[in-house]
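Descriptive analysis of the structure
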Amino acid sequence: MGKLEHFVSTYNNLKHLVTKTNAPKDLKNNHPHLTIATLNVKTLRTLEREIELDFAVQNMNFDVIGLSEIRKMGECIIEKENRNIFSHIGETKGQKGVGFLIHRDIKPFIHLIEGITERIAVLILNIRNQMMTILQVYAPTEASPEEEIEEFYETVETTLNKFKTTTNIVMGDFNSKVGIREDDEETHVGPYGLGSRNERGLRLIRFAQENNLKIANTFFKKKPLSRWTWCAPNGKTKNEIDFI
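Rules behind the numbers
Residues numbered from 1 in each chain as written. Predicted model: local features only at pLDDT ≥ 70, side-chain atom pairs only at ≥ 80, totals over all residues. Heavy atoms only, no water. Helix = DSSP H or I, 4+ residues; strand = E, 2+ residues; numbered from the N terminus. Buried < 20%, exposed > 50% of the residue type's maximum accessible area, 1.4 Å probe, protein only. Polar contact = N/O pair within 3.5 Å; in protein donor to acceptor, adjacent residues only side chain to side chain. Phe/Tyr/Trp six-rings, centres within 6.5 Å; stacked < 30°, edge-to-face > 60°. Lys NZ or Arg CZ within 6 Å of the ring centre and 35° of its normal. Pairing = 2+ DSSP bridges.

**A look at the side chain of N217**
Along the chain, N217 falls in the loop between α4 (199-210) and β11 (230-231). Taking the relative accessible area as the measure of exposure, N217 reaches 9% and is therefore buried. A polar contact is formed between the side chain of N217 and the backbone oxygen of D242, at a distance of 3.0 Å.

**Observations regarding the packing of aromatic side chains**
The way to describe two aromatic rings as a pair is by their centre distance and the angle between their planes. Applying the stated criterion across every chain, the model contains 3 aromatic pairs. Here the aromatic rings of F152 and Y153 are separated by 5.0 Å at their centres, their planes lie at 75°, and the arrangement is edge-to-face. A relative accessible area of 5% places F152 in the buried class. Residue classification places Y153 among the buried positions, given a relative accessible area of 3%. The interplanar angle of 50° and the centroid separation of 5.5 Å between the aromatic rings of Y153 and F207 together place this pair among those described as tilted. Within this pair, whereas Y153 is found in helix α3 (residues 146-163), its partner F207 is found in helix α4, the two being separated by 54 residues in sequence. Accessibility assignment for this pair places Y153 and F207 in one class, buried. Of the aromatic side chains, those joined through ring pairs into one cluster are F152, Y153 and F207. Directly above the ring of Y153 sits R203, whose terminal nitrogen or CZ lies 4.6 Å from the centroid.

**Focus: the sheet that holds strand β9 (residues 130-138)**
Read across the open sheet, the 5 strands follow the order β7-β8-β9-β10-β13; overall the sheet is mixed. Looking at strand neighbours, the two that pair on one side only are β7 (110-117) and β13 (242-243), the edges of this open sheet. Pairing between strand β10 (residues 167-173) and β13: 2 bridges, direction antiparallel. By the bridge assignment, G172 is partnered in β13 with F243.

Shown next, in the form of structure tokens:
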């Protein structure tokens, strides 16, 4: 499988991480929804990789795609040749980095795009005076020290509180396995989780509880093959680690 085919195959699984939220009726020719997704791109360091992403999404219905692991240094917001908006922030060469790909039709509704750290970026939309905040995140891996994990979640919570609006979405690669809801008291987790839970999944659930958020992936019934968001190089081991 070539690079482009692999990228498109990876992108195709993004359809499992799409959520729709109500928007004013006059948005995008009376279309009543925003289509919001999150994707770990592995890297966008080269022009080739950016072209691959543009090719992969050109026939897809999206309004905002949050991007993780961009791996580009610096912070910028650009309008691409296709008039879509691309933003990113990166601080470590060849690692981490987050940002957004925003459809050109949404450009008039952008209120704010801001990179907080190389793991957290913020997008605020203003649609007929209805504000929506979207945080795109890229969490440390399970092998990272506990202190790094706690610092990450503290920064996400601080950012969420600072930019909180009417509608708030936190999404991205959390490197966590939430798994199946263990009891009815876990109201922030739905009945349709995948696999087993790990320690990082427990931390994500606690974050959702403390901030009154729902882990949306777990509230929609889908076939197991339609739930995974990460695949090991062997092509056999698959997990759900990206969440909205």
